[in-house]
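Chain and residue survey
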Amino acid sequence: MAPRTLYDKIWNAHVAHEAADGTCLLYIDRHLVHEVTSPQAFEGLRMTGRKVRAPEKTIAVPDHNVPTTLDRLKGIDNEESRIQIDALDTNAREFGVVYYPVDDVRQGIVHIIGPEQGWTLPGMTIVCGDSHTATHGAFGSLAHGIGTSEVEHVLATQTLIQKKSKNMKVEITGQLSPCVTAKDITLAVIGETGTAGGTGYVIEYCGEAIRSLSMEGRMTVCNMAIEGGARAGMIAPDDTTFEYCHGRPNAPTGETWGAAVAYWKTLFSDSTAHFDKIITMKGEDIAPVVTWGTSPEDVLPITASVPAASDFNGGKVAAAQRSLEYMGLTPGTRLQDVTIDAVFIGSCTNGRIEDLRAAAKVVEGKKIQDGLIAMVVPGSGLVRLQAEQEGLADIFKDAGFEWRLAGCSMCLGMNPDQLGPQVRCASTSNRNFEGRQGRESRTHLMSPAMAAAAALTGKLTDVREIL
Amino acid sequence: MEKFRKITAIAAPMPLINIDTDMIIPKQFLKTIKRSGLGISAFHEMRYHLDGSDNPNFILNKEAYQGVNILVAGDNFGCGSSREHAPWALLDFGIRCVISTSFADIFYNNCFKNGILPVVLTEDELLLLMKDAEKGSNARMVVDLENQHIQTSDGEVITFDVDQHRKHCLINGLDDIGLTLEKVTSIDAFETQMAQSTPWV
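Below, the structure is looked at part by part. Bear in mind the structure is a predicted one, so any value in this text is a computation, not a measurement.

Below, the discussion takes up the environment of Asn69(B). All names here are of chain B. Mapped onto the secondary structure, Asn-69 falls in the loop between α2 (44-47) and β3 (70-73). Of the residues examined, Asn-69 reaches a relative accessible area of 25% and is grouped as partly exposed. Along the backbone, Asn-69 and Thr-101 are 32 residues apart, and their C-alpha atoms lie at a distance of 18 Å. Among the polar contacts listed, one links the side chain of Asn-69 to the backbone oxygen of Gly-94, at a separation of 2.7 Å.

Okay, structure coming up:
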């Protein structure tokens, strides 16, 4: 057999039908569903009298609209949010899919609870009406976002109509320097490739620095593959992956576990497999980074200064000028002199236990700047529980952070967690788009440790000077 | 889904690169449980001032672009969130075709599911159409899917590529799910085989 990439292997194992023109029906192993992108799909099924083909492979959870304040079980004030969550509740029960309602301790951001509950396993095809589905590629699965029409298609047929993407390899060699994290890797890669650099590709991340990451870190890296334009990001499974999966509620057990691991160990790119595009970066060269603009490709080391529009070429000149105006930044200003008004730690990018540990380590025994809006939003009820058991919640609360319930929260502000105009936020989320965290709000993306450091000083801060 | 064969229409230039789906339809409009009615909120933050009044500088608010059906846009159009509300909003606004040098993957797929034709051209070709679009209502652009070409108001013709399966579905307004369900025996067979080979799935 010709040498194959990890992506080739998983793709080939899921083609249920191939037409003469190469259009394939790709079988979908797991379909994750949240309240924002699914109501029209379920309504479509109802109108055509169709059923959910594999309800046991369909997992639903509300996350985008849910308030994260402690009183949320009393009900949701915003009528539209309430209707959307109620619609998911009705749809989940009527169509009989797996469901974690808002009052279940296992509720959380869909991309956090999928892995946590063992629904996400190596070698699977996983989709969700959400671009950050790429997260699940950390397990060596093919995972990507889809639109609502495709959600309906998967609900009805358990397949997607697909054409194969090209293969791209992103290799991070060597080791990371102290205080440099998975978030810095994934941002640095987008800074290098641009937000359209991955368009048409599935990325496989590899190299020693990737291998050394925990599953939490790998999920952070793959999560933002979409921000680089790629269909999906993936990392070949290894002992770290198997150890994470073992014992999870929906992971295989006993003899089946052994058979599964034996299969998973075949999921790697053959040494001579062909990649259409290869990017290599040295782990040692990656610094703690922040974004300065309104595109995730606007990445600079924290030690740099705000660029000028004239530093760019082509269409990026006008885009950079617009970004600078939107962000209220003057070219030449040291990034470390930029003062912030808010800190958000959470999201499907950085709302896992390891992220909270990293942030807590920075703020332990210290106080955040007075007057900051500062919140920590765990990615799931179980992450929250674990953080409380480990004493992290107390560290955050003592430092002056709000300690919230699980949800997508201020990553996109579909719930009440939004920023006002011109409010500047150090955020561990994934998008710094105009208006993302609230109309005319200003987002700087960074790692949890960097966001925690910014909370202490009230400015964008080099965490290496604090730890 | 509405069929798409050929349209002759006003085109609007939006040269900004990386127009993301948050710009096309901001979060507060994603709370709907319907597909319709989003046109009034398309490009909300560019289109309206904070007090809700029209921003007269926004291209689609200008007199010359009333009734626009085609967008000629900068690179990487539709990046970011997978929200299909973006093409729903464009369609409801009246947009049937978006032309750019590249599109984000999910947005590109979403367009075809909603009767919108996304066309990928080279930089030079896009520049030519951008200039033509600047003429506003003084000009009409022709987008002909059957013959895979675009004609400027000056009569210049640019050809484009499109996946033949998608073209077929768009021209005939076909529902993907119906087509897939015709292959249900293949899906059944695949599931049976998979239950044996990877029973943990």
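So, about the side chain of Arg439(A). Following the sequence through the fold, Arg439(A) ends up in the loop between β18 (424-427) and β19 (442-445). Among the polar contacts listed, one links the side chain of Arg439(A) to the backbone oxygen of Tyr48(B), at a separation of 2.6 Å. What Arg439(A) contacts, discounting residues up to four positions off in sequence, is Tyr326(A), Leu419(A), Gly420(A), Pro421(A), His44(B), Glu45(B), Tyr48(B), His49(B) and Leu50(B).

Residue and element names in this part refer to chain A. The contact between helix α13 (residues 353-363) and helix α15 (residues 392-399) brings their axes to 9 Å, and the two run at 45 degrees. It follows from the interaxial angle that α13 and α15 lie oblique. Two packed elements cross with a definite hand, and for α13 against α15 that hand is left-handed. Side by side, α13 and α15 meet where Ile-353, Leu-356, Arg-357, Ala-359, Ala-360 and Val-363 of the first sit next to Leu-392, Ile-395, Phe-396 and Ala-399 of the second. Here the contact of α13 with α15 is built from residues that sort into 9 nonpolar, no polar and 1 charged.

Looking now at unusual backbone geometry. Residues and elements named next belong to chain B. The backbone phi angle of Phe-43 is positive, close to 55 degrees, even though this residue is not glycine. The exposure class of Phe-43 is buried, given its relative accessible area of 0%. Positive phi values are uncommon outside glycine, yet Asn-76 reaches one of about 65 degrees. Mapped onto the fold, Asn-76 is located in the loop between β3 and α3 (85-93).

Time to look at the sheet that holds strand β1 (residues 15-18) of chain A. In space, the 3 strands of this open sheet follow the order β1-β2-β8 (chain A), with antiparallel pairing throughout. At either end of the open sheet lies a strand with only one pairing partner, and these are β1 and β8 (159-162) of chain A. Neighbour to neighbour, the strand axes of the sheet diverge by 25 degrees on average, direction disregarded. As paired strands, β1(A) and strand β2 (residues 24-27) of chain A are joined by 3 bridges and run antiparallel to one another. Bridge pairing in β2(A) links His17(A) to Leu25(A). Those strands touched by helix α8 (residues 184-197) of chain B are β1, β2 and β8 of chain A, and its axis lies near 35 degrees from that of β2(A).

Criteria and cut-off values
- Residues numbered from 1 in each chain as written.
- Chains lettered and ligands numbered in written order.
- Predicted model: local features only at pLDDT ≥ 70, side-chain atom pairs only at ≥ 80, totals over all residues.
- Heavy atoms only, no water.
- Helix = DSSP H or I, 4+ residues; strand = E, 2+ residues; numbered from the N terminus.
- Buried < 20%, exposed > 50% of the residue type's maximum accessible area, 1.4 Å probe, protein only.
- Polar contact = N/O pair within 3.5 Å; in protein donor to acceptor, adjacent residues only side chain to side chain.
- Contact = heavy atoms within 4.5 Å.
- Axes fitted to C-alpha atoms, helices over the stretch in contact; angles between N-to-C directions.
- Parallel < 35°, antiparallel > 145°, perpendicular 65-115°, else oblique.
- Left-handed = near helix turned anticlockwise from the far one by under 90°.
- Nonpolar A, V, L, I, M, F, W, Y, C, P; charged D, E, K, R; others polar.
- Pairing = 2+ DSSP bridges.

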